[in-house]
Amino acid sequence: MKRYVEVELGGAVRKLRYDFNAIVELEEYFNKGIGAILNEEQVGFRVIRAMYWAGVRAFNKKVTIDQVGNWLQEEIENGKGIEELFEPITKALQVSGLLGDLEDAKEDEEKN
């Protein structure tokens, strides 16, 4: 089973993966644990941008958070909403096996 999801971002298909290092980068960026980040009542643009940045960095260490913000802006201008942008993040977290039940992720993959 692959441990990433593919997402169209910035005019290219990119891999979004949450490995141990990506989670640590998120925790360092927000200065709090991943549980606190994900349990915020409302996940805003700052969290979404950082989540994409950390996930994309697993395959491209040179990408900057501002680049990711520009890519996300393009997606919004092309009609994507915040819920649609958050969906790949949720899937990538599931398939990572770090935060969720891997069996749920396998079932979702088999359905698609």
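Right above here is the structure, for reference.
Residues numbered from 1 in each chain as written. Predicted model: local features only at pLDDT ≥ 70, side-chain atom pairs only at ≥ 80, totals over all residues. Heavy atoms only, no water.

This brings us to the overall build of the chain. Check the secondary structure of the chain and you find 6 helices and 2 strands. Going from the N terminus to the C terminus, the chain shows its helices and strands as β-β-α-α-α-α-α-α. Scored against the burial criterion, the 112 residues of the chain give a buried share of 34%. Put simply, of all contacts in the chain between residues at least 6 apart along the chain, 60% involve residues at least 24 apart. If you sum the accessible surface of the chain, you get close to 6800 Å²; carbon and sulfur atoms cover 44% of it. (Helix = DSSP H or I, 4+ residues; strand = E, 2+ residues; numbered from the N terminus. Buried < 20%, exposed > 50% of the residue type's maximum accessible area, 1.4 Å probe, protein only. Contact = heavy atoms within 4.5 Å. Areas by Shrake-Rupley, 256 points an atom, 1.4 Å probe, with all protein chains shown as cover.)

For the rest of this paragraph, the subject is the nonpolar core. Formed by 29 residues in total, the largest nonpolar core has its most connected members in Leu 16, Tyr 18, Leu 26, Tyr 52 and Ile 89. Looking at this core, the elements that each hand over two or more residues are β1 (5-9), α1 (20-30), α2 (34-38), α3 (45-57), α4 (65-77) and α5 (82-96). (Core = buried A, V, L, I, M, F, W, Y, C linked by side-chain atoms within 4.5 Å.)

Moving on: the pairing of β1. The alternating pattern of β1 places Val 5, Val 7 and Leu 9 on a buried face and Glu 6 and Glu 8 on a face that is not buried. Between the end of β1 and the start of strand β2 (residues 12-16), which pair antiparallel, lie 2 residues, with Gly 10 showing a positive phi angle near 65 degrees. (Pairing = 2+ DSSP bridges.)

Interhelical geometry of α1 versus α3 gives an angle of 145 degrees and a closest axis separation of 9 Å. Crossing handedness for the pair α1 and α3: right-handed. Two secondary-structure elements touch here, α1 through Ala 22, Glu 25, Leu 26, Tyr 29 and Phe 30 and α3 through Arg 46, Val 47, Arg 49, Ala 50, Met 51, Trp 53, Ala 54 and Arg 57. Looking at side-chain class alone, the contact of α1 with α3 contains 9 nonpolar, no polar and 4 charged residues. (Axes fitted to C-alpha atoms, helices over the stretch in contact; angles between N-to-C directions. Left-handed = near helix turned anticlockwise from the far one by under 90°. Nonpolar A, V, L, I, M, F, W, Y, C, P; charged D, E, K, R; others polar.)

Moving on to the packing of aromatic side chains. Throughout the structure, instances matching the rule amount to 3 aromatic pairs. Seen in terms of ring centroids, Tyr 29 and Phe 30 are 4.9 Å apart; in terms of plane orientation they differ by 90 degrees. Their pairing is edge-to-face. For Tyr 29, a relative accessible area of 29% corresponds to the partly exposed category. Centre to centre, the rings of Tyr 29 and Trp 53 are 6.0 Å apart; their planes meet at 50 degrees, and the pair counts as tilted. (Phe/Tyr/Trp six-rings, centres within 6.5 Å; stacked < 30°, edge-to-face > 60°.)

Taking 1.5 Å of rise per residue, 13 residues should cover 18 Å, and α3 covers 18 Å from first to last C-alpha, within 8% of that figure. Counting buried positions over the 13 residues of α3 gives 10, a clear majority of the element. Of all the residues in α3, the buried ones are Val 47, Ile 48, Ala 50, Met 51, Tyr 52, Trp 53, Ala 54, Gly 55, Val 56 and Arg 57. Each element contacted by the buried residues of α3 is listed here: β1, β2, α1, α2, α4 and α5. (Expected span 1.5 Å × (residues − 1).)

Glancing now at α4. Relative to the 18 Å expected for 13 residues at 1.5 Å per residue, α4 spans 18 Å between its end C-alpha atoms, a close match to the ideal helical length. For α4, the set of buried residues is Ile 65, Val 68, Trp 71, Leu 72 and Glu 75. End-on view of α4: buried residues confined to an arc of 120 degrees, all on one side of the axis. The outward face of α4, more than 90 degrees from its buried face, is lined by the exposed residues Asp 66, Asn 70 and Glu 77. Where α4 is buried, its residues touch β1, β2, α1, α3 and α5. Two residues or fewer after α4 comes Gly 79, characterised by a positive phi angle close to 105 degrees. (Arc of directions from axis to C-beta.)

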